[in-house]
Amino acid sequence: MREPRPFPVEEVRRRFPALEHAGDFVFFDNAAGAQVPSTVLDAVADHLLARNVQRGGPYRQSREVDALIVRARESVAAFVNAASPDEIAFGLNATSFIRAISLAVGQTLDRRSEIIVSDLDHEANVATWLALERAGARIVWWKCRVDEDGATLDATDLEPLLSERTRLVACTMASNAIGRVVDIGSVARRAHAVGAEVFVDAVHFSPHGSIDVRALGCDYLVCSGYKVFAPHMGFAWCRREAINRLPTFREAFIPDVTPDKLEAGTYVYENVAGMNAAVAYLEDLGRSVATPPALPALPAHSRVETIRAAMTAIAGYERTLSRQLLDAVETIPGVTVHGVTARDRLHERIPTLCFTVAGCRASDIAEGLAAREIGVRSGHMYSPRLMARLGLPAAGAVRASLVHYNTAAEIGRFAGALREVIETTHES
């Protein structure tokens, strides 16, 4: 049997100019926004230089913008395995899409007036639905289970909450605070059994593994491109039949069908060009990890399969990073990890490490690491309800969030710096 190729992390790092430009700085705050490949930078610059105009005009540059948007929809559709590119809408960010869709759902509440939300989620996928109480919605809380593994959403706990009154279940695909992955397929099967819809926040999961909306069985899914190696923008996938039933805001001349009905006003075309290039980068990576060097490229592979190969390789490599992170911090006195730590269950998490240090404020740890050229984040990570369930203070925890361009050497630097910061903090 042929041995799998090792993950080409050094080749990957050469594709990201910011890593070299930053010198010794270590990017461990990727959950707040990842760096971009050089091809993404080139795509953004090329758009601004060659076609920084509005779409819909008869002249060449405007038609090129139209063509770009078509290509980008096709690329993102391949990234999430959508049934059709017209199920992809572009906009500012995931939060704005959650709000737009929640407002539309709020106008369709009748006997199905219950919205299920979770306390594992980012506040963007909670507050937007809580706002529907003013429209008559009844909010039902799906409480996460809290134990030595941090917190998790168990689909069996969802079952007793579901009924013929349930309009929609909103939940994350992976916790942005503790990295715990949610079984969306199980959620969707249970929700659909009672006629309810499923809304998925895939922002934090998107750079870490393959997304297949048809396999997941959800109805709506949102992402922010800047988490998945693109510039600041967002996109939404909506099952055509579901979104076309919703009364979304639009100007009178805008078609009342996807994707137009979700794209209010002009969005940032150059960043959409960057998103298109980010997917192309993942395809390049997929070809490099899926095809043994001694064999020619396999043209029969579809874009979806090639992207899936990249994301599968990324997920495998990142499990190694998770193991190395856990190995490194568990030897440091006073550190408590909030999340899955069992090495045989790393598939249940992504390399987002949430931790606290006995006797130290989270902000002091983050600032101390920053002084040593390591970027992490402290606070509630926009998940204050989860922090409260974990019994953590209002100041929250420290989060180190890695992606596939991070390395074992960086983890070693992080662990050494963390020891120094803790010792210095205790001495002071």
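In this text, all values refer to a predicted model and were calculated from it rather than measured experimentally.

A.B. asks: Talk me through the sheet that holds strand β12 (residues 352-357); I want residue IDs and the actual numbers.
C.D. replies: Taking strand neighbours across the sheet as the criterion, the 4 strands line up as β11-β12-β15-β14 in an open arrangement whose pairing is antiparallel. Taken across any chain shown, the strands that pair with only one partner, and hence form the sheet edges, are β11 (335-337) and β14 (377-379). Taken over all neighbouring pairs, the strand axes of this sheet differ in orientation by 30° on average, direction set aside. Where β14 and strand β15 (residues 397-401) come together, 3 bridges link them in antiparallel fashion. Paired with Arg377 across the bridge in β15 is Arg399. Against the sheet, helix α13 (residues 362-371) engages β12, β14 and β15, with an angle of about 165° to β14. Across the sheet, helix α15 (residues 408-427) touches β11, β12 and β15, and the angle it forms with β12 is around 20°.

A.B. asks: With reference to specific residues and values, describe unusual backbone geometry.
C.D. replies: Thr258 connects to Pro259 through a cis peptide bond whose omega is 0°. Checked against the element boundaries, Pro259 lands in the loop between α10 (240-244) and α11 (269-290). Here the phi dihedral of Glu373 falls at roughly 65°; this positive angle occurs in a residue that is not glycine. Residue placement: Glu373 occurs in the loop between α13 and β13 (374-375). Take Glu373: its relative accessible area is 37%, and that puts it in the partly exposed class. Unusually for a residue other than glycine, Tyr382 sits at a positive phi of about 65°. Secondary-structure assignment places Tyr382 in the loop between β14 and α14 (384-389). Take Tyr382: its relative accessible area is 51%, and that puts it in the exposed class.

A.B. asks: Any chance you could break down the packing of aromatic side chains for me, citing the residues and the numbers?
C.D. replies: Under the counting rule described, the total for this entry stands at 14 aromatic pairs. Seen in terms of ring centroids, Phe28 and Phe414 are 5.6 Å apart; in terms of plane orientation they differ by 55°. Their pairing is tilted. Here Phe414 lies in helix α15 and Phe28 lies in the loop between β1 (26-27) and α3 (38-50), a separation of 386 residues in the sequence. Phe414 matches Phe28 in its accessibility class, with the two residues each being buried. Clustering of aromatic rings is evident, with ring pairs tying together Phe16, Phe229, Tyr281 and Tyr405. Stacked on the ring of Trp141, the Lys or Arg Lys143 has its end atom at 5.4 Å from the ring centre.

A.B. asks: Describe α13, and please don't skip the residues or the numbers.
C.D. replies: The set of residues buried in α13 consists of Ala362, Ile365, Ala366, Gly368 and Leu369. Seen from one end, α13 has its buried residues packed into an arc of 165°, which puts them on one side. Pointing more than 90 degrees away from the buried face of α13 are the exposed residues Glu367 and Ala371. Buried positions along α13 lie against β12, β13, β14, β15 and α15.

A.B. asks: Explain the pairing of β12 to me, and be specific about the residues and the numbers.
C.D. replies: Among the 6 residues of β12, 6 are classified as buried, and the element is accordingly described as predominantly covered. Side-chain alternation along β12 places Thr352, Cys354 and Thr356 on one buried face and Leu353, Phe355 and Val357 on a second face that is also buried. The pairing of β11 with β12 spans 3 bridges and is antiparallel. In the sheet register, Val335 faces β12, and the bridge partner there is Val357. In this structure, β12 lies alongside β15, joined through 4 bridges in antiparallel fashion. By the bridge assignment, Leu353 is partnered in β15 with Ala400.

Parameters at a glance
- Going along each chain's sequence as written, the residues are numbered from 1 onward.
- Whole-chain, interface and lining totals are the exception, using all residues; otherwise, since this is a predicted model, local features are given only for residues with pLDDT of at least 70 and side-chain atom pairs are given and counted only at 80 or more.
- Side-chain measures here rest on the full set of heavy atoms in the structure, leaving out hydrogens and waters.
- The pairing criterion for strands is at least two bridges between them, as found by DSSP.
- Helix and strand assignments follow DSSP, with helices taken as H or I runs no shorter than four residues and strands as E runs no shorter than two, numbered in order from the N terminus.
- Axis definition: a line fit to C-alpha positions, over the contact stretch in the case of helices; interaxial angles, taken between N-to-C directions, run 0 to 180 degrees.
- When checking whether two residues touch, look at their non-hydrogen atoms; a contact exists if any pair is within 4.5 Å.
- Throughout, exposure labels follow a simple rule: accessible area from a 1.4 Å probe, protein chains only, divided by the maximum for the residue type, with under 20% read as buried, over 50% as exposed, and the rest as partly exposed.
- Aromatic pairing here means that ring centres of Phe, Tyr or Trp (its six-membered ring) are within 6.5 Å. Orientation follows from the plane angle: under 30 degrees is stacked, over 60 is edge-to-face, and everything else is tilted.
- In this analysis the charged atom, NZ for Lys or CZ for Arg, is taken to sit over a ring once it is within 6 Å of the ring centre and within 35 degrees of the ring normal.
- By arc we mean the arc of the directions from the helix axis to the C-beta atoms, nothing more.

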